[in-house]
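Analysis of the macromolecular model
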Amino acid sequence: MNFKTRSYKSELMDNLNLASEDLKKNLDELEFINTTLGGYKVLTSALDILYKENKIGNSMNIEENEIAKTVTLADIGSGGGDTLRQIAKWFDKKNIKTKLTGIDANDFMISYAQNKSKEFPQISYEKLNVFNIDSRNENRYDWAAMSLFCHHFTDEELISIFKNIYKITSNGFIINDLHRNPIAYYSIYFLTRIFNGSYLVKNDAPLSVLRGFRKQELTNLLGKAGIKNYRIKWHWAFRFQVIVEK
């Protein structure tokens, strides 16, 4: 098994026409894995950092005669919407008004996410391929998030994606993605078999680790995208948190 370089082998979930009960089961499994292994904490702790630094939620200290600002955030590659729902809960706890948009290219994903997000009126979903996001529409969102999204793309594609997402946000974006590591690979390989996961998660979960990153690779990609103001931190379980600011 090669852990020195990123794998570009396609995951089964990369098929934008994939729509079945197996995919529904896979989305449920991914939510379970992220909940069990603390995967959402990577993103919400980034929000905690920005909140403490007064870069999110500044409007909480405004004068009474001012209107509280609504924070806009796009979740790029929102999948089943589980990450966006966790983001919504975080903002609700802080009493911050939000308008959250999930962006995904798969019709089934959008329908599934909408159904699971009915109790979150601040969340909406838009079917859109990431490569069709109009980067000329600058500062459309305050922030963007990409959670377990980046490893689905080649380095060259990611450079283009980073440039576009940087342009459409006024403040920056957050990345939560996988650390390519043998322990992470074999752990998720056996975990998905012990719990008799779907054929999708058995194939894609270990493969996603092989498509993951080393810290220097993320640094190089951000540099090639012209992004200079960022911080990278390793989190359990084998995740990288990247906070990009303007």
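Residues numbered from 1 in each chain as written. Predicted model: local features only at pLDDT ≥ 70, side-chain atom pairs only at ≥ 80, totals over all residues. Heavy atoms only, no water.

**Some details on the confidence of the model for the protein chain**
Looking at the protein chain as a whole, its pLDDT mean stands at 92, while 95% of the residues score no less than 70. Contacts of residues 59–65 to residues separated by more than four positions or lying in other chains number eight contacts, the stretch itself having pLDDT below 50. (pLDDT = per-residue confidence, 0-100. Contact = heavy atoms within 4.5 Å.)

**Description of the pattern of salt bridges**
Two side chains with opposite charge may pair up if their charged atoms get near one another. All chains considered together, the criterion is met by 13 salt bridges. Note that E53 and R231 form a salt bridge whose closest N and O atoms lie 2.7 Å from each other. Here the residue E53 occupies a position in the loop between helix 2 (39–52) and strand 1 (71–76), and R231 occupies one in strand 6 (residues 230–235), the gap between them amounting to 178 residues. The partly exposed category is assigned to E53, whose relative accessible area is 34%. Linking K69 and D142 is a salt bridge whose minimum nitrogen-to-oxygen distance equals 2.6 Å. Of the two residues, K69 sits in the loop between helix 2 and strand 1 while D142 sits in strand 4 (residues 141–147), which places them 73 residues apart along the sequence. (Salt bridge = Lys/Arg side-chain N within 4 Å of Asp/Glu carboxyl O. Helix = DSSP H or I, 4+ residues; strand = E, 2+ residues; numbered from the N terminus. Buried < 20%, exposed > 50% of the residue type's maximum accessible area, 1.4 Å probe, protein only.)

**Details of the sheet that holds strand 2 (residues 98–104)**
Adjacent strands of a sheet pair through backbone hydrogen bonds, lying either parallel or antiparallel. Strand order in the open sheet formed by seven strands is 3-2-1-4-5-7-6, with mixed pairing between adjacent strands. Two strands in the sheet have a free side with no partner beyond their single neighbour: strand 3 (123–127) and strand 6. Strand-to-strand twist of the sheet, defined as the mean angle between neighbouring strand axes without regard to direction, takes the value 20°. (Pairing = 2+ DSSP bridges. Axes fitted to C-alpha atoms, helices over the stretch in contact; angles between N-to-C directions.)

**Quick word on the packing of helix 2 against helix 3 (residues 82–93)**
The interhelical angle for the contact between helix 2 and helix 3, taken along N-to-C directions, is 35°, at an axis separation of 10 Å. Remark: the crossing between helix 2 and helix 3 carries right-handed chirality. Counted together, Y40, L43, T44, L47, D48 and Y51 of helix 2 and D82, T83, Q86, I87, W90 and F91 of helix 3 form the full contact between these two elements. (Left-handed = near helix turned anticlockwise from the far one by under 90°.)

**Re the pairing of strand 7 (residues 239–245)**
For strand 7, the buried fraction is high: seven of the seven residues fall into the buried class. Burial along strand 7 is two-sided: the residues R239, Q241, I243 and E245 and F240, V242 and V244 are all buried. Pairing of strand 5 (residues 169–178) with strand 7 involves seven bridges; the strand directions are antiparallel. Bridge pairing in strand 7 links N176 to Q241. As paired elements, strand 6 and strand 7 share six bridges and run antiparallel to each other. Across the sheet, the residue bridging to R231 is I243, located in strand 7. The loop that links strand 6 with its antiparallel partner strand 7 comprises three residues; one of these, F238, has a positive phi angle of about 55°.

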